[in-house]
Amino acid sequence: VLTSSFHGTVFSLVFNKKFYAFNGMQDKRISNVLTKSEMQSRSINSIEDIKSVDLNELDFSKANEFILEEKQRSIEYLKEAIG
């Protein structure tokens, strides 16, 4: 996946798809997600940068932990808000 959108980045993480976030570290929401999931290296600034990233060594373990934590936080928020 090559994306420049927040949602494209998040769906790539959720579904553990190999991806690049074009100018990801320049977008606050994308950079926040990439940083918290330890995927900053997935941000590229040009098509030439693709050559320097190895897709075969993509570890989604931190991303999956981050997503699980956010899911739990969201569930707790909804439970509290609903009462």
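Look up a bit, the structure's there.
Residues numbered from 1 in each chain as written. Predicted model: local features only at pLDDT ≥ 70, side-chain atom pairs only at ≥ 80, totals over all residues. Heavy atoms only, no water.

**Q** Even after reading the chapter, I still don't get the packing of helix α1 (residues 6–14) against helix α2 (residues 28–36), so can you show me in this structure?
**A** Helices that pack against each other are described as a pair by the angle of their axes relative to one another and the distance between those axes. Two elements in contact, α1 and α2, have axes separated by 9 Å at closest approach and are oriented at 15 degrees. The angle between α1 and α2 places the two elements in the roughly parallel class. Considering how the two elements wind past one another, α1 and α2 form a crossing that is left-handed. On the side of α1, the interface is formed by F6, T9, V10 and L13, while α2 contributes R29, I30, V33 and L34. Taken together, the residues of the contact of α1 with α2 sort by class into 6 nonpolar, 1 polar and 1 charged. (Axes fitted to C-alpha atoms, helices over the stretch in contact; angles between N-to-C directions. Helix = DSSP H or I, 4+ residues; strand = E, 2+ residues; numbered from the N terminus. Parallel < 35°, antiparallel > 145°, perpendicular 65-115°, else oblique. Left-handed = near helix turned anticlockwise from the far one by under 90°. Contact = heavy atoms within 4.5 Å. Nonpolar A, V, L, I, M, F, W, Y, C, P; charged D, E, K, R; others polar.)

**Q** Just to check I follow, could you spell out the sheet that holds strand β1 (residues 2–3) for this structure?
**A** Taken in spatial order, the 3 strands of this open sheet run β1-β2-β3, and their pairing is parallel. Among the strands making up the open sheet, the edge pair consists of β1 and β3 (43–44). Bridge count between β1 and strand β2 (residues 20–22): 2 bridges; the pairing is parallel. Across the sheet, T3 pairs through a bridge with A21, a residue of β2. (Pairing = 2+ DSSP bridges.)

It is worth stressing that arrangement in space is one thing and function is another; only the former is reported here.
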